[in-house]
Amino acid sequence: MTAVMNQTTAREFSRIHGVGSFRPDVVVTNEDVCQWIDSSDEWIQQRTGIVTRTRADANTSLLDMAEGAARSALASAGIEASQLGAVIISTVTFPYATPSAASALADRIGATPAPAFDISAACAGYCYGVAQADALVRSGMAEYVLVVGAEKLSDVIDNHERTISFLLGDGAGAVIIGPSDIPGISPSVWGSDGSKWNAIGMTHSQLDLRDAVLQAESSPEGASLMAATEATLWPTLRQDGQTVFRWAVWEMAKMAKLALEKAGLTAADLAAFIPHQANMRIIDEMAKQLKLPESVVIARDIATSGNTSAASIPMAMDRLLTENPELSGGFALQIGFGAGLVFGAQVVVLP
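The model shown is predicted, which means the values in this text are computed figures rather than measured ones. Along each chain, residues carry numbers from 1 onward, in the same order as the chain's sequence is written. The predicted origin of the model limits local features to residues at a pLDDT of at least 70 and limits the giving and counting of side-chain atom pairs to 80 or more, whereas totals for whole chains, interfaces and linings rest on all residues. Here the side-chain values reflect all heavy atoms present in the structure, with hydrogen atoms and water set aside.

**Some thoughts on the sheet that holds strand β4 (residues 84–90)**
Step number 1: At least two DSSP bridges between two strands are needed for those strands to be called paired. Counting from the N terminus, the helices are the DSSP runs of H or I reaching at least four residues and the strands are the DSSP runs of E reaching at least two. With mixed pairing, five strands are arranged side by side in an open sheet as β1-β7-β6-β4-β5. The sheet is open, and its two edges are formed by β1 (13–22) and β5 (116–119), each paired on a single side. The sheet shows a mean angle of 20 degrees between the axes of neighbouring strands, taken without regard to direction.
Step number 2: Pairing between β4 and β5: four bridges, direction parallel. Paired with Ile89 across the bridge in β5 is Asp118.
Step number 3: Any two residues having at least one pair of non-hydrogen atoms within 4.5 Å are treated as being in contact. Angles shown run from 0 to 180 degrees and are taken between the N-to-C directions of axes, each axis being a line fitted to C-alpha atoms and, for helices, limited to the stretch in contact. Its contacts with the sheet place helix α3 (residues 62–77) against β1, β4, β6 (144–152) and β7 (170–180), and it is angled at close to 130 degrees to β1.
Step number 4: Across the sheet, helix α11 (residues 312–323) touches β1 and β7, and the angle it forms with β1 is around 90 degrees.

See the structure below:
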């Protein structure tokens, strides 16, 4: 008789069981920002909707924030870390190329030996993580999956750079995804447009800095040239704001509509809209194009948290449910978009 190997048994549905967040203590006002760039509180609020942004102090690491959000999400879901079948962190600001932030987090919270890995998909990374967690749960590869978006963007900005630095904050948000008796996560709409790869990114690569430092070390000018080289070539974030704004407003509204279509829903079925907290003008324009009814609650966490990249959607979801607990069980459209350029969207049932 021919042997038959085992294979995992699929589950039909998945959903978000819990959500949590970590918000650092340092509040940076628009007046603070204007010490570094030639701007004003009025201009920043009009152009971005940001009043303050929160940033982590020197003693608070990305892993500290990720752990805080993860523990909060576990408590919200009512499960133990030992029940996790995978740990996923989306981040672009973990200071080590390897090993992963996720493996360290799994150890911190007691999820070992769960598989753990990082995602580098910028502001769409959380939605990418949800897509993968949904697949892991429904394929039978894991019962519960922790998805964390965590960023310490203050580590990679030049405060004097005026295309993006004033937008950015720090923080972490997390969700627990597990099995469900009803559909809780719609088919994901995700993708990329590499033709605009340079629209958001770092000013230089690590190799640029390394090669320049090595050259400076061998120069007769020595230390003075080294200091100038590091100041000039240290990698920091920048963006082509107009390109990103136009792409986000027009192309991402199409993707949001497609996510609703794939979910078999309309805007009228939504309880909430939770877009990436990139810019209040983008959020407002997307809501207008989606023709959201007034009954739909729109996440506007950016006003006091700033743009926290991969952390922004779960942080906004956590605040939305804290302030509006009656939304629990309703449909929410979430969409992330950012550097790459990449995007991801789903409709989820709010925990």
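**Remarks on the pattern of salt bridges**
A side chain with one charge may pair with a side chain of the opposite charge, provided their charged atoms come close.
Step number 1: The salt bridge criterion pairs a side-chain nitrogen of Lys or Arg with a carboxyl oxygen of Asp or Glu, the two atoms within 4 Å. In total, this model carries nine salt bridges according to the counting rule given.
Step number 2: Taking the shortest distance from any N to any O, the salt bridge between Lys254 and Glu251 comes out at 3.4 Å. With Lys254 and Glu251 both in helix α8 (residues 241–263), this residue pair falls three residues apart, about one helical turn.
Step number 3: The partner of Arg300 in a salt bridge is Asp284, with the nearest N and O atoms 2.5 Å apart. Residue Arg300 is found in the loop between β12 (297–298) and α10 (302–305), and its partner Asp284 is found in helix α9 (residues 280–290); the two are separated by 16 residues along the sequence.
Step number 4: Exposure classes here rest on a 1.4 Å probe applied to the protein chains alone. A residue is buried below 20% of its type maximum, exposed above 50%, and partly exposed in between. You can call Arg300 partly exposed: its relative accessible area is 36%.
Step number 5: The network of salt bridges with shared partners includes Asp64, Glu67, Arg71 and Arg108.

**With respect to the UniProt feature "domain: Beta-ketoacyl-[acyl-carrier-protein] synthase III C-terminal" (unreviewed entry) in the protein**
Step number 1: Following the UniProt record, the feature "domain: Beta-ketoacyl-[acyl-carrier-protein] synthase III C-terminal" (unreviewed entry) maps to residues 260–348 here.
Step number 2: Within residues 260–348, the helical portion is 35% and the strand portion 26%, while the C-alpha atoms at the span's ends are 10 Å from each other. UniProt positions are given in the numbering used here, feature names are shortened, and annotations may be inferred rather than shown by experiment.

**Re the packing of α3 against helix α4 (residues 101–109)**
Step number 1: Contact geometry for α3 and α4: axes closest at 10 Å, N-to-C directions at 55 degrees. It follows from the interaxial angle that α3 and α4 lie oblique. Relative to α4, the crossing made by α3 is right-handed. Contacts between α3 and α4 involve Leu62, Leu63, Asp64, Ala66, Glu67, Ala70, Arg71 and Leu74 from the first element and Ala101, Ala104, Leu105, Arg108 and Ile109 from the second.
Step number 2: Note that Gly is not counted as nonpolar here; it falls among the polar residues with everything else outside the nonpolar set of Ala, Val, Leu, Ile, Met, Phe, Trp, Tyr, Cys and Pro and the charged set of Asp, Glu, Lys and Arg. In terms of residue class, the contact of α3 with α4 is made up of nine nonpolar, no polar and four charged. By the definition adopted for this analysis, an angle is roughly parallel if under 35 degrees, roughly antiparallel if over 145, roughly perpendicular if from 65 to 115, and oblique otherwise. Crossing handedness follows the turn of the near helix against the far one: under a right angle anticlockwise gives a left-handed crossing, and clockwise gives a right-handed one.

**Some details on the environment of Trp43**
Step number 1: Here Trp43 lies in helix α2 (residues 41–48).
Step number 2: For the pair Trp43 and Asn30, spaced 13 residues apart in sequence, the C-alpha to C-alpha distance is 9.4 Å.

**Some words on the nonpolar core**
Step number 1: For the purposes of this section, nonpolar cores are sets of buried Ala, Val, Leu, Ile, Met, Phe, Trp, Tyr and Cys residues that join through side-chain atoms within 4.5 Å. The biggest cluster of nonpolar side chains holds 47 residues, and the ones touching the most others in it are Leu333, Ile335 and Phe337.
Step number 2: For this core, the elements supplying multiple residues, two or more each, are α8, β11 (270–275), α9, α10, β13 (331–338) and β14 (342–349).
Step number 3: For Phe337, the contacting residues outside a window of four places in its chain are Cys123, Ala124, Trp247, Ala248, Met252, His276, Ala278, Ile282, Met286, Val342 and Phe343.
Step number 4: Tyr126, Tyr128, Val145 and Leu327 belong to the second-largest nonpolar core, a separate cluster that totals 33 residues.

**Describing the packing of α8 against α9**
Step number 1: At a minimum axis separation of 9 Å, α8 and α9 run at an interaxial angle of 40 degrees. Judged by the inter-axis angle, α8 sits oblique to α9. The element α8 and its partner α9 pack so that their crossing is right-handed. Across from Phe245, Ala248, Val249, Trp250, Met252, Ala253, Ala256, Lys257 and Leu260 in α8, the residues of α9 making contact are Arg281, Ile282, Glu285, Met286, Gln289 and Leu290.
Step number 2: Of the residues in the contact of α8 with α9, the class split is 11 nonpolar, one polar and three charged.

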